[in-house]
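Residues per chain, in single letters:
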Amino acid sequence: MIELISLSILSVLILVVFAVRYRNRNTDHQHYDSALKQRALLNYNEQMIYQRLSQLLPQHIILSNVSYSSLLTSKYSHTRAKYHNMIADFVILNEKFQVVTIISLSDSMFTQHRDDRYEDALLEMAGYRVLRYAGIPDLKKLSRDLNIQEKTMAFA
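Residues numbered from 1 in each chain as written. Predicted model: local features only at pLDDT ≥ 70, side-chain atom pairs only at ≥ 80, totals over all residues. Heavy atoms only, no water.

Some remarks on helix H2 (residues 44–56)
- With 13 residues, H2 should cover 18 Å at 1.5 Å per step; its first-to-last C-alpha distance of 19 Å lies within 8% of that length.
- Every buried residue of H2 is accounted for by Glu 46, Met 48, Ile 49, Leu 53 and Leu 56. Buried residues of H2, viewed axially, fall in a sector of 160°; they line one side.
- Its buried side turned inward, H2 meets strand E1 (61–67), strand E2 (87–93), strand E3 (99–106) and helix H6 (139–145). (Helix = DSSP H or I, 4+ residues; strand = E, 2+ residues; numbered from the N terminus. Expected span 1.5 Å × (residues − 1). Buried < 20%, exposed > 50% of the residue type's maximum accessible area, 1.4 Å probe, protein only. Arc of directions from axis to C-beta. Contact = heavy atoms within 4.5 Å.)

Shown next, in the form of structure tokens:
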């Protein structure tokens, strides 16, 4: 009888120790919010490309960081989930707010990642024209790729 009581007390003590350790472990890993800070909307490379696009295309609307969900739609949610978190770096619109070209920037200057090709293919399947650059293209390259005539360029 004494052994049964001792065993019961020991079992309860073990449960209490595990419960306390589990509770402490959970409180140690709680996530606290950090202070919110302002952030630049465009990084340096994006600012340079935006300025060049604005210079070359003064009559067009240039949007940056546009979600693929704004550009694409699909009947099925599992298809929409494939591009849910993707972002187009620049979208050039004409005066009627129709997409003329989408410009994407590669993370690497030396290789085009598989993800880049996949993202471009999604946009192209929907009928968009996509230009991808590694680094900052100069005015001549942009104007050539965008088929801008020299006489219409403001400062080229």
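Having put the structure on the table, let's press on.
Section: a nonpolar patch on the surface
- Taken together, the side chains of Met 1, Leu 4, Ile 5, Ile 9 and Leu 13 present a nonpolar region at the surface, about 570 Å² in accessible area.
- On the secondary structure map, Leu 4 appears in helix H1 (residues 2–28). (Patch = residues over 30% accessible without salt bridge, like charges linked within 9 Å, V, L, I, M, F, W, Y side chains within 5 Å. Areas by Shrake-Rupley, 256 points an atom, 1.4 Å probe, with all protein chains shown as cover. Salt bridge = Lys/Arg side-chain N within 4 Å of Asp/Glu carboxyl O.)

Describing the sheet that holds E2
- Spatially, 4 strands are ordered E1-E2-E3-E4 in an open sheet, and the strand pairing comes out mixed. This sheet does not close on itself; its edge strands, each paired only once, are E1 and strand E4 (130–134). The sheet shows a mean angle of 25° between the axes of neighbouring strands, direction not considered.
- Of the pairings in the sheet, the one linking E3 to E4 comprises 5 bridges and is parallel in character. When the bridges of E4 are listed, Ile 103 appears paired with Leu 131. (Pairing = 2+ DSSP bridges. Axes fitted to C-alpha atoms, helices over the stretch in contact; angles between N-to-C directions.)

Side note on unusual backbone geometry
- Of note in this structure, Phe 97 is not a glycine but carries a positive phi near 65°.
- Given a relative accessible area of 59%, Phe 97 falls into the exposed group.

Structural notes on the environment of Asp 89
- Considering the arrangement of structural elements, one finds Asp 89 in strand E2.
- Asp 89 sits in the buried class, given a relative accessible area of 15%.
- Taking the C-alpha atoms as reference, Asp 89 lies 9.7 Å from Ser 106; in sequence the two are 17 residues apart.
- Not counting the four nearest positions on each side in its chain, Asp 89 is found in contact with Glu 46, Leu 63, Ser 64, Asn 65, Ile 103, Ser 104 and Leu 105.
- Of note is the side chain of Asp 89, whose polar atom sits 2.6 Å from the backbone nitrogen of Leu 105. (Polar contact = N/O pair within 3.5 Å; in protein donor to acceptor, adjacent residues only side chain to side chain.)

A short note on the pairing of E2
- Burial of E2 is extensive: 6 of the 7 residues sit out of reach of the surface.
- As defined by bridge partners, E1 adjoins E2 across 6 bridges and the pair is classed as antiparallel. Bridge pairing in E2 links Ser 64 to Phe 90.
- Here 4 bridges tie E2 to E3, and the two strands are oriented antiparallel to one another. When the bridges of E3 are listed, Ile 92 appears paired with Thr 101.
- With antiparallel pairing between neighbouring strands as the criterion, E2 and E3 make up a hairpin whose turn holds 5 residues, including Phe 97 at a positive phi of roughly 65°.

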